[in-house]
Amino acid sequence: MNNKPMETSELADIFTCARCGFCCQGETTVSLDQRDQERMIAALGLNREEVTVRFWRITGSVVQMQTRDGHCIFYHPDNGCTVHAGRPWRCRQWPLHPSMVTDANNYQVITDSCPGLQKGLSHEEFCKIFNALLERGDISKMRE
Ligand code: SF4
Ligand code: SF4
């Protein structure tokens, strides 16, 4: 139960990344929009061609990161995300996706899989805090 007034709600009231790396696992990754691509190229200090060959998987117009050993190519078991400053916006905002509010089942599934989400909150309590952060612009700031 969170008894703080909504206007004083903070991101940490619902989420603090535990850096467990679970969301970096799998055979595919999030996709990168144009801004993500430019940011990643700048963070890596390479040119587009080098980044494309070494790190991206391009399917039609969809740009994703390559995977290795069942996880994103940038994930290191000891060091976590090795392109942290250049990671895509979907990684920056995860797991605070709007579907966490609109779909209670999705909220439960993601809360069960992500140790960074507060476990003691009802869906209703989570939504109140999430929406307060959304209105204040704190969720969209995570994408920057
Ligand atoms: S699963 Fe959650 S706690 Fe773990 S790295 Fe991803 S966002 Fe952070
Ligand atoms: S870019 Fe970083 S945060 Fe995103 S999936 Fe890859 S290792 Fe994880």
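Below: a short report on this structure. (Residues numbered from 1 in each chain as written. Chains lettered and ligands numbered in written order. Predicted model: local features only at pLDDT ≥ 70, side-chain atom pairs only at ≥ 80, totals over all residues.)

1. Considerations on the overall build of the protein
Along the backbone of the protein there are seven helices and six strands. Helices and strands appear in the protein in the N-to-C order α-α-β-β-β-β-β-β-α-α-α-α-α. Projected onto its principal axes, the C-alpha coordinates of the protein cover approximately 50 × 30 × 30 Å. Here the protein, with 144 residues, has 19% of them falling under the buried criterion. When contacts within the protein are restricted to residue pairs at least 6 apart in sequence, those whose partners lie at least 24 apart make up 67%. (Helix = DSSP H or I, 4+ residues; strand = E, 2+ residues; numbered from the N terminus. Buried ≥ 20, exposed ≤ 12 C-beta atoms within 10 Å, placed from the backbone. Contact = placed C-beta atoms within 7 Å.)

2. Observations regarding the nonpolar core
Judged by nonpolar contacts, Ile14, Phe15, Leu96, Met100, Tyr107, Leu117, Phe126, Ile129, Phe130, Ala132 and Leu133 together constitute the single largest core of eleven residues. For this core, the element with the highest residue contribution is helix α6 (residues 123-136), accounting for five residues. Other than its neighbours up to four places away in sequence, Phe15 contacts Leu96, Gly116, Leu117 and Gln118. One finds Cys23, Cys24, Met65 and Tyr75 within the second-largest nonpolar core, a separate group that totals six residues. (Core = buried A, V, L, I, M, F, W, Y, C linked by C-beta atoms within 7 Å.)

3. Some remarks on the environment of Arg143
Structurally, Arg143 can be placed in the segment after α7 (138-141). For the pair Arg143 and Cys24, spaced 119 residues apart in sequence, the C-alpha separation works out to 17 Å.

4. Digging into the pairing of strand β1 (residues 56-59)
Alignment of β1 against strand β2 (residues 62-65), held across four bridges, turns out to be antiparallel. Each bridged residue has a counterpart across the sheet, and for Arg57 the counterpart in β2 is Gln64. Here β1 folds back onto β2, and the loop between the two strands holds two residues, one of which, Gly60, carries a positive phi near 60°. (Pairing = 2+ DSSP bridges.)

5. Digging into unusual backbone geometry
Looking along the chain, the bond that leaves Trp94 and enters Pro95 is cis, with omega of 5°. Not every positive phi belongs to a glycine, and Arg19 is a case in point at roughly 55°. Mapping Arg19 onto the fold places it in the segment before α1 (34-44).

6. Comments concerning the environment of Asp112
In this fold, Asp112 is placed in helix α5 (residues 104-113). On a C-alpha basis, the gap between Asp112 and Trp89 in space is 22 Å, while along the polypeptide they are 23 residues apart.

7. Some details on the environment of Asp138
By secondary structure assignment, the location of Asp138 is in helix α7. Accessibility expressed as a C-beta count within 10 Å gives 15 for Asp138, which makes it partly exposed. Remark: the alpha-carbon pair of Asp138 and Leu11, spanning 127 residues in sequence, is separated by 7.7 Å. Setting aside its immediate chain neighbours within four residues, Asp138 contacts Leu11 and Leu133.

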